[in-house]
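What the coordinates show
These are the residues of each chain, in order.
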Amino acid sequence: EIGVSVDTPVALMLWMARSNVLLNGGRFDEALECMASAIVFFDAGGSTFQRSNVRAASAHYRVACGDLAGALVAAEESLVLAREIGNPTQLAIALGALGDALVFSDPRRALDALEESLAAVKAEEAKAEAPAPSKRKAKPKPRKPAAKRTTTKSRSRSKAKASK
């Protein structure tokens, strides 16, 4: 228990920062254990988005530590979750992790995943730049005022006033 709510946006960053320090010190097993504990934490109460994201981050750390088989497993799990929620940002992140995990073992598939990731980002960017559809209803055309109806008596009075 670290005392941080699972829905705190920076929660994953705590594990990543610790893993970075461990990785930099050559303590690869501890870095991977740290990311494994993040997966346990988010699996216990995180959203599907967070569970996908932590696996993508773990995949990148596994690549850095030389655990390519573990990286592939984490990246594929991340991708399954990302496709489940249909969030374009998370899909791009998961595909990026998959590309990273496959760089050495299957470069063609890695490139396909990375290209799909970039396409997802570009599609989301284009959608954000597109003008929002107008929610205003079209104004009705103005109606011509109805002609005044006058009686013969009122016309006669009008003529009499005009001649005075």
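All residue numbers here refer to positions counted from 1 along the written sequence of the relevant chain. With pLDDT at 70 or above as the cut-off, local features in this predicted model cover only qualifying residues; side-chain atom pairs require 80 or more to be listed or tallied, and sums for whole chains, interfaces and linings still use all residues. Computation of side-chain values covers all heavy atoms of the structure but excludes hydrogens and water.

Thoughts on the overall build of the chain
Selection rule: Helix numbering and strand numbering both begin at the N terminus, where a helix is a DSSP run of H or I of at least 4 residues and a strand a DSSP run of E of at least 2. The rule is simple: take the accessible area with a 1.4 Å probe, protein chains only, and divide by the maximum for that residue type; under 20% is buried, over 50% is exposed, in between is partly exposed. The contact criterion used throughout is that any non-hydrogen atoms of two residues lie within 4.5 Å. Surface accessibility in these figures is a Shrake-Rupley result with a 1.4 Å probe; residues are shielded only by whichever protein chains are displayed.
On a plain count of helices and strands, the chain comes out with seven helices and zero strands. When the helices and strands of the chain are listed from N to C terminus, the series reads α-α-α-α-α-α-α. Per-residue burial for the chain yields a buried fraction of 32% across its 164 residues. A sequence separation of at least 24 residues applies to 48% of the contacts in the chain between residues at least 6 apart. In the form shown here, the chain has an accessible surface area of approximately 11300 Å², with 58% of it arising from carbon and sulfur atoms.

Brief notes about helix α3 (residues 48-64)
The condition that has to hold: For a helix, the expected span equals 1.5 Å multiplied by the number of residues minus one.
In this model, α3 (17 residues) spans 25 Å end to end at C-alpha, consistent with the 24 Å of a helix rising 1.5 Å per residue. For α3, a buried count of twelve out of 17 residues is recorded, marking the element as mostly surrounded by other parts of the structure. Taken together, the buried residues of α3 touch α1 (11-24), α2 (28-45), α4 (68-85) and α5 (88-102). The first or second residue beyond α3 is Gly66, which carries a positive phi of 85°.

Thoughts on the pattern of salt bridges
When the charged atoms of two side chains lie near each other, side chains of opposite charge can form a pair. Threshold: Salt bridge criterion: a side-chain nitrogen from Lys or Arg within 4 Å of a carboxyl oxygen from Asp or Glu.
Going through the model one piece at a time under the given rule, you end up with nine salt bridges. Between Asp43 and Arg51 there is a salt bridge; the shortest N-O distance is 3.3 Å. On the basis of relative accessible area, Arg51 is assigned to the partly exposed category, the value being 23%. For Arg108, the salt bridge is made with Asp112, and the minimal N-O distance between the two is 2.7 Å. With a gap of four residues between them, Arg108 and Asp112 both fall in helix α6 (residues 107-129), about one helical turn apart.

So, the packing of aromatic side chains
Operational definition: Between 30 and 60 degrees the pair is tilted, below 30 it is stacked and above 60 it is edge-to-face, where a pair is any two Phe, Tyr or Trp rings, Trp via its six-membered ring, whose centres lie within 6.5 Å.
Applying the stated criterion to the full structure yields three aromatic pairs. Ring geometry for Trp15 and Phe41: centres 4.8 Å apart, planes at 45°, overall tilted. Taken together, the residues Trp15 in helix α1 and Phe41 in helix α2 connect sequence positions 26 residues apart. Residue Trp15 is classed as buried on the basis of its relative accessible area of 9%. A connected cluster of aromatic rings, assembled from ring pairs, spans Trp15, Phe41 and Phe42.

Side note on α6
Given a rise of 1.5 Å per residue, 23 residues ought to cover 33 Å, and the 33 Å separating the end C-alpha atoms of α6 matches this to within 8%. Among the residues making up α6, those that are buried are Ala110, Ala113, Ser117 and Ala120. Looking at the buried positions of α6, the neighbouring elements they touch are α5.

Observations regarding the confidence of the model for the chain
For the record, the criterion: pLDDT runs from 0 to 100 and stands for how confident the predictor is about each residue.
Mean pLDDT over the chain stands at 84; residues scoring 70 or higher make up 74%. Confidence, expressed as mean pLDDT per element, reaches its minimum in the chain at helix α7 (residues 152-163) with 57 and its maximum at α4 with 97.

Quick word on the packing of α2 against α3
For the record, the criterion: Axis definition: a line fitted to C-alpha atoms, limited for helices to the stretch in contact. Angles are taken between N-to-C directions and run from 0 to 180 degrees. Working definition: roughly parallel below 35 degrees, roughly antiparallel above 145 degrees, roughly perpendicular at 65 to 115 degrees, and oblique for all remaining angles. Under this grouping Gly is polar, as are all residues other than the nonpolar Ala, Val, Leu, Ile, Met, Phe, Trp, Tyr, Cys and Pro and the charged Asp, Glu, Lys and Arg.
The contact between α2 and α3 brings their axes to 9 Å, and the two run at 170°. Considering their axes alone, α2 and α3 lie roughly antiparallel with respect to each other. When α2 is examined against α3, the residues Leu32, Met35, Ala38, Ile39, Phe42 and Asp43 are found in contact with a partner set consisting of Gln50, Arg51, Val54, Arg55, Ala57, Ser58, Tyr61 and Arg62. Across the contact of α2 with α3, the residue classes break down as eight nonpolar, two polar and four charged.

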